[in-house]
Amino acid sequence: MVIKGRRWVVPAVAVAALLSVGWAVFRETTPAAVPTAPAATTGARPGVKREPDVPRIDLARLERPRPDSGIGKRDLFDFATPPPPPPPPPGSSVARAQAEEDAATPPPVVAPPTPPPLPPMNLKYIGAFEGRKGLKVAVLMTDHKEVLTAQAGEVVANRYRVVRIGLESVDVQEVGSEHVRRIPLKGN
């Protein structure tokens, strides 16, 4: 037999393979390892397959208490500090002793926190010049040898605001604080 159109060969083989796999999967076979009971004792007709017994769901077990397994007993908030113990009743001897102890000890003196030390300033004042309109411009240099210029009120290096420009010094304020520092004129 000669097939004129070869384009149908591959789909025909694929369909045949699918049919053979389907027949192998869905054919009715009885497992050899499972013994069957005689038809007279089970009350079933010969030739009819009997389904295996499916265990029934016992809803009465929902009412029974669960066994203590320890699973799910972890407290998610156990890391927190425990609550303070309840105060003793007002007329008890423990309450009187605690009141006497509180009266005998003075409250602790709380010192105000000291401000942190200021970080070292990484600016040097090189000099100043006046523009045509009479505006003074300060010339500053960073520790990376970067030259910066600013007028009074401008921010330099995203950290310092120039407050006042003098002949021999410049006043600089750190942005975000009230501390004003004076940088003297440096030669070379």
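Residues numbered from 1 in each chain as written. Predicted model: local features only at pLDDT ≥ 70, side-chain atom pairs only at ≥ 80, totals over all residues. Heavy atoms only, no water.

A.B. asks: Just to check I follow, could you spell out the overall build of the protein for this structure?
C.D. replies: From N to C terminus, the protein includes three helices and seven strands. For the protein, the succession of helices and strands along the chain, N to C, is α-α-α-β-β-β-β-β-β-β. Nonlocal contacts in the protein, meaning residues at least 24 apart in sequence, comprise 26% of its contacts between residues at least 6 apart. Carbon and sulfur atoms make up 61% of the accessible area of the protein, which totals about 17300 Å². (Helix = DSSP H or I, 4+ residues; strand = E, 2+ residues; numbered from the N terminus. Contact = heavy atoms within 4.5 Å. Areas by Shrake-Rupley, 256 points an atom, 1.4 Å probe, with all protein chains shown as cover.)

A.B. asks: Honestly, the nonpolar core in this entry has me stumped. Any pointers?
C.D. replies: The tendency in soluble globular proteins is for nonpolar side chains to be buried side by side. Counting residues in each nonpolar core, the largest one holds 13 residues, and the members touching the most others are Y125 and V170. Secondary structure elements with two or more residues in this core: β1 (123–130), β2 (136–142), β3 (147–150), β5 (160–165) and β6 (169–174). Sorting elements by how many residues they give to this core places β5 first, with three residues. (Core = buried A, V, L, I, M, F, W, Y, C linked by side-chain atoms within 4.5 Å. Buried < 20%, exposed > 50% of the residue type's maximum accessible area, 1.4 Å probe, protein only.)

A.B. asks: Even after reading the chapter, I still don't get the environment of R161, so can you show me in this structure?
C.D. replies: By the secondary structure assignment, R161 is in strand β5. Not counting residues within four places of it along the chain, the set of residues in contact with R161 comprises G153, E154, V155, D171, V172, Q173 and V175.

A.B. asks: Whenever I open this one, the confidence of the model for the protein confuses me. Can you help?
C.D. replies: The predicted coordinates should not be examined in detail at positions where pLDDT is low. With 82% of its residues at a pLDDT of at least 70, the protein reaches an overall mean of 79. Ranking the elements of the protein by mean pLDDT puts helix α2 (residues 39–42) last with 49 and β5 first with 94. (pLDDT = per-residue confidence, 0-100.)

A.B. asks: It is not clear to me how the pairing of β6 should be interpreted in this structure. Could you clarify?
C.D. replies: A regular strand places its side chains on the two faces of the sheet in alternate fashion. The element β6 is extensively covered by neighbouring structure, given that six of its six residues are classed as buried. Burial along β6 is two-sided: the residues S169, D171 and Q173 and V170, V172 and E174 are all buried. Inspection of the sheet shows β5 paired to β6 by five bridges, in the antiparallel sense. Within the sheet, the bridge partner assigned to Y160 lies in β6 and is E174. Hairpin connection from β5 to β6: three residues lie between these consecutive antiparallel strands. Pairing geometry for β6 and strand β7 (residues 180–184), over five bridges, is antiparallel. Residue pairing for β7: Q173 is matched across the bridge by V180. Hairpin connection between β6 and β7: a loop of five residues separates the two successive antiparallel strands, and G176 in this loop has a positive phi of roughly 95°. (Pairing = 2+ DSSP bridges.)

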